[in-house]
Amino acid sequence: MTTTNATTIPPATPSSGRTRGGVARGLLPPAVTGQEWVLIGVLAILWVVLSLTTPAFASSGSIQPLLSAVAPIALMGVGMTMIIITGGIDISVAGVLMVTGVTSAKMLVDHDASLLVAVLVSVALGGLLGLVNGLLIAYGRVHAIIITFGTANLFQFVGRQIFASKTVNGIPSTLDVFGRGEAGRTLGVPHSFVLMAVVVAIAWWYLRHVQHGRHLFAIGGDPVAARLAGVNVERRVLMTYVLTGLLVGMAAVFIVASGTSTLDQSIGSGRELAVIAAVVIGGTSITGGRGSVLGTVFGALLVQTVASGVTQLGWPSELSDLFVGVAIAIAVGADLIRKWARERA
Amino acid sequence: MTMTPHKAHVANLPRAEEPSLVSRVVKAVLTQRIVLLAALLVIVLIWMSALGMGGYLTGSYDPDYLAGSLIDAVPMCMLALAELVVIVSGRGGIDLSIGAIVSLTGMIFGFAYGRWGWTFWLSVLLAVVVGGLLGAINGALVAYMRFPALIATLASYYAFKSLALVITNSIPISDANVTKLYGITRSIEIPVIGSQLPNVPIGVFTFMVPSVVVIWLVLARTTYGRRLFAIGTNDVAAEWTGLNVRSTRFVAYVIAGVIAGLASVYITGQFASARPDAGTSGNGLALPAITIAVLGGVAITGGIGRVAGVVLATLLVTWLDAGILLAFTGNDGTQFQLLALGLVLIFAALLNGLTQRRYGGSR
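Let us look at the structure shown here. Counting restarts for each chain: residues are numbered from 1 in the order of the written sequence. All chains are assigned letters beginning at A, and all ligands numbers beginning at 1, according to the order in which they are written. Side-chain atom pairs in this predicted model are given and counted only at pLDDT of 80 or more, local residue features only at pLDDT of at least 70, and totals for whole chains, interfaces and linings cover all residues. Water and hydrogen atoms were dropped before computing side-chain values, which therefore reflect all heavy atoms in the structure.

Moving on, we get to the overall build of chain B. Going along the chain from the N terminus, every DSSP run of H or I of four or more residues is numbered as a helix, and every run of E of two or more is numbered as a strand. Assigned secondary structure in chain B consists of 16 helices and two strands. A compact globule built from 363 residues should have a C-alpha radius of gyration of about 21 Å, and chain B, at 21 Å, falls within 12% of that. Principal axes of the C-alpha set define a box for chain B whose edges measure 70 × 60 × 40 Å. Three exposure classes are used, based on accessible area relative to the maximum for each residue type with a 1.4 Å probe and protein chains only: buried under 20%, partly exposed in between, and exposed over 50%. Considering chain B as a whole, with its 363 residues, one finds that 54% of them fall into the buried category. Contacts: residue pairs with any heavy atoms within 4.5 Å of one another. Long-range pairs, those at least 24 residues apart, make up 75% of the contacts in chain B between residues at least 6 apart in sequence. Looking at chain B as shown, the accessible area adds up to about 15,600 Å², and 66% of this sits on carbon and sulfur atoms. Between the mean site of the 21 positive side-chain charges and the mean site of the 14 negative ones, chain B shows a separation of 12 Å. For the radius of gyration, the atom set is restricted to C-alpha positions; the globular benchmark scales as 2.2 Å times the number of residues to the power 0.38. Accessible surface area values rest on a Shrake-Rupley calculation with a 1.4 Å probe, where residue burial reflects the displayed protein chains alone. Charge convention: Lys and Arg are scored as positive, Asp and Glu as negative, and His as well as the terminal groups of each chain are ignored. A charged residue contributes its charge at one atom only: NZ of Lys, CZ of Arg, CG of Asp or CD of Glu.

Listed below in structure tokens is the structure:
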């Protein structure tokens, strides 16, 4: 849809007529949006306050686990951001996480799988489950929330069957390269965080400068208009769910790697809401059409910083969820106020 | 979301002049969710009974067992009704926080009844008032501040869940008073005709039936109910007809909170203890409640939903689950319940999509 706009702009305004990746420049949102600047500010204040009040916060022993914990949530958040931009949602993330996590853990224990095999199996399986979601949502013409509620149950069933009512014990250290220990870091930065950052950078570029990426915004804004403008809505939507599945598969590897040698059935529980929380705190509009993966990363960082800060201040750890709730309300409230101001202007 | 209604498709379908009985039945099953659910319910009951008589089940799937399994149906039905009211109110209405409200009101009820020495009725009243207040927070965010419901209730889910744990340091309240509450889930013989019938859990009469009747009356027989369906169907049109859209939607969330408060009393009785994670442990209570509401034919887009559908969906899920529990040994039963719930939900949703295209919608 945006390409049509670009070609209709008269050549008298050459700057706005220049395109990149088929998109007119003037139509792009700023590289770092207002919401993201606010999040960066809040994060900076939190980090300064926490390092002043708790001596342990600024140490590497505290920052490194924080980055390790952010990586899987932000990675899943990249896929979830794209889904929510198209106007969909995925509640089944926890189920996919369970299936891929337990499968890769079992591969390691029972079949002595290598790192590469475990990662590939986990990612491929995640993609397959994402394909199930995507096919049902894109071609079954049912609202995403209902389908993923259904598949969340199905995937949990599959995951528990693989668990066979037991924990997976004695997971070898094959995955340590993505883990929390010394083997999982280079120059002090966790590998999982670096990998996540690379994926985020690619996704940021894709959503901002690639035609297919822009299509996702068009679909979220108005699927009928997007179809009339020539967007293959079904295929784009299907792709976002498959991609999310792949990323959840990778996140499962991170989570198994950073856990102990025992994996239990709680691996996925509550994570679907944690991922959605990171996405909406990052400024992505739940009604579709607006959002960015950069915001999602800051959202995940904020949630994890709060959790880590609450623990180190010696407050009950259950309190961190209260702050997460308040953060969601403030982030979305700020977005609503800005929208209201835009409409008034 | 990404779908366009294929109206043109409908026009192209061949239409028989005089619909045959078969096509009328098919149409009834497809367009009337209640007929479909009733048919599924009968199939499940016959199928499970046949399995039971054939000796394939580990216990007997008889009326006594079915009646006993209603213990779990009571809170599920109530919370699904709460979701019905909220989802019908439209604009993406949903309440993810309903399980967290159950946790928090349950704890406050536990404090009042178990620790502060309040009487039972006063404590129940407190639970209901607190539930209503928590619902009002959701309602204010959604109706007045125009938050998307999914986000507002996600935020309050986190906040309420956390508060429920923090106010008791994650320790359940199991004082003598609270433990004795287990009595509210006992089974009783129905008077007069009861000797022929199995004993039914008393909660069905003290909690479930009153909630069902009240919600049905409110939705079907009051102007508030009409207004709720109006704003759920099209809130711009409702606004132009002079309805107070915001207060109507606000009240829907308060009603959901009140029901959750009432359900928390029953759930406290079921556990014989006020647990801070009563509504949020594992998958929580919100997701199953939403699932049952959707299965009961409540349209996620708002404006469509019937109490009878939700009740039938609750019975279907309860009795299907009860049968599955007998069909497998050990933990397998609870796992296959997940499979069944997922399949039934997806099947119902896909059928809705089909109905939409073939008959232009269902009721």
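The discussion continues.
With 44 residues of chain B at the interface, the matching set in chain A holds 50 residues. Put simply, buried area is the surface a 1.4 Å probe can reach on two separate parts but cannot reach once they are joined, added for both. Carbon and sulfur atoms make up 75% of the surface buried where chain B meets chain A, a total of about 4,300 Å² over both sides. Between Lys or Arg on one side and Asp or Glu on the other, a salt bridge is scored when a side-chain nitrogen of the former is within 4 Å of a carboxyl oxygen of the latter. For the pair chain B and chain A, the interface holds one salt bridge. Throughout this description, a polar contact denotes any pair of N or O atoms lying within 3.5 Å of each other; where both atoms belong to protein, one of them has to be capable of donating a hydrogen while the other can accept it, and for residues adjacent in sequence the pair is counted only when both atoms sit in side chains. The interface formed by chain B and chain A holds four residue pairs in polar contact (both at pLDDT 80 or more) in total. At the level of elements, helix 8 (149-166), helix 14 (286-295) and helix 16 (332-359) of chain B are the ones that each hand at least two residues to the side of chain B that touches chain A. The element that contributes the greatest number of residues to the side of chain B that touches chain A is helix 16 of chain B, accounting for 13 residues.

Right, let's talk about the packing of helix 7 (residues 120-144) of chain B against helix 8 of chain B for a bit. Residue and element names in this part refer to chain B. In this analysis, axes come from line fits to C-alpha atoms, helices being fitted only over the stretch in contact, and the angle between any two N-to-C directions falls in the range 0 to 180 degrees. Remark: helix 7 packs on helix 8, axes separated minimally by 9 Å, with the N-to-C direction vectors making an angle of 145 degrees. Helix 7 and helix 8 meet at a crossing whose hand is right-handed. Seen from helix 7, the contacting residues are Leu-134, Ile-137, Asn-138, Leu-141 and Val-142; seen from helix 8, they are Ala-149, Ala-152, Thr-153, Ser-156 and Phe-160. When grouped by side-chain class, the residues that make up the contact of helix 7 with helix 8 number seven nonpolar, three polar and no charged. Crossing handedness: left-handed means the near helix sits turned counterclockwise from the far one by under a right angle, and right-handed means the same turn made clockwise. Each residue receives one of three labels: charged for Asp, Glu, Lys and Arg, nonpolar for Ala, Val, Leu, Ile, Met, Phe, Trp, Tyr, Cys and Pro, and polar for the others, Gly being one of them.

Working definition: an aromatic ring pair is given by the centre-to-centre distance plus the angle between the planes. Residue and element names in this part refer to chain B. Within 6.5 Å between ring centres, the rings of Phe, Tyr and Trp (the latter by its six-membered ring) count as paired, and their orientation is classed by plane angle as stacked under 30 degrees, edge-to-face over 60, tilted in between. Under the definition given, this model contains 12 aromatic pairs over all chains. With 6.2 Å between their ring centres and 55 degrees between their planes, Tyr-61 and Tyr-65 make a pair best called tilted. Ring geometry for Phe-207 against Tyr-266: centres 5.3 Å apart, planes inclined by 65 degrees, an arrangement best described as edge-to-face. Of this pair, Phe-207 sits in helix 10 (residues 203-221) while Tyr-266 sits in helix 13 (residues 245-271), and the two are 59 residues apart along the sequence. Here Phe-207 falls in the buried class, since its relative accessible area comes to 9%.

Core analysis: the biggest nonpolar cluster contains 221 residues, and Ile-145, Met-196, Leu-263 and Ile-328 of chain A together with Leu-84, Ile-215 and Leu-295 of chain B have the highest contact counts within it. Counting residues per element, this core draws most heavily on helix 5 (residues 70-88) of chain B, at 15 residues. Those residues in contact with Leu-263 of chain A that lie beyond four places of it in its chain are Gly-101, Val-102, Ala-105, Phe-163, Thr-167, Val-168, Ile-171 and Val-256 of chain A. Definition used in this section: a nonpolar core is a set of buried Ala, Val, Leu, Ile, Met, Phe, Trp, Tyr and Cys residues joined via side-chain atoms within 4.5 Å.

As a further point, take helix 4 (residues 60-85) of chain A. Every α-helix winds through 3.6 residues per turn, so residues three or four apart in the chain are directed the same way. All names here are of chain A. A helix is expected to span 1.5 Å for every residue after the first. The terminal C-alpha atoms of helix 4 lie 35 Å apart, and with 26 residues this matches the ideal 38 Å at 1.5 Å per residue to within 8%. Across the chain, bend at a residue is computed as the angle between axes fitted to the seven residues ending at that point and the seven starting from it. Approximately 30 degrees is the largest bend angle found in helix 4, and it occurs at Ala-71, with the proline Pro-72 only one to four residues beyond. With respect to burial, helix 4 is a largely interior element, 22 of its 26 residues being buried. Remark: Gly-87 follows helix 4 within two positions and exhibits a positive phi of approximately 95 degrees.

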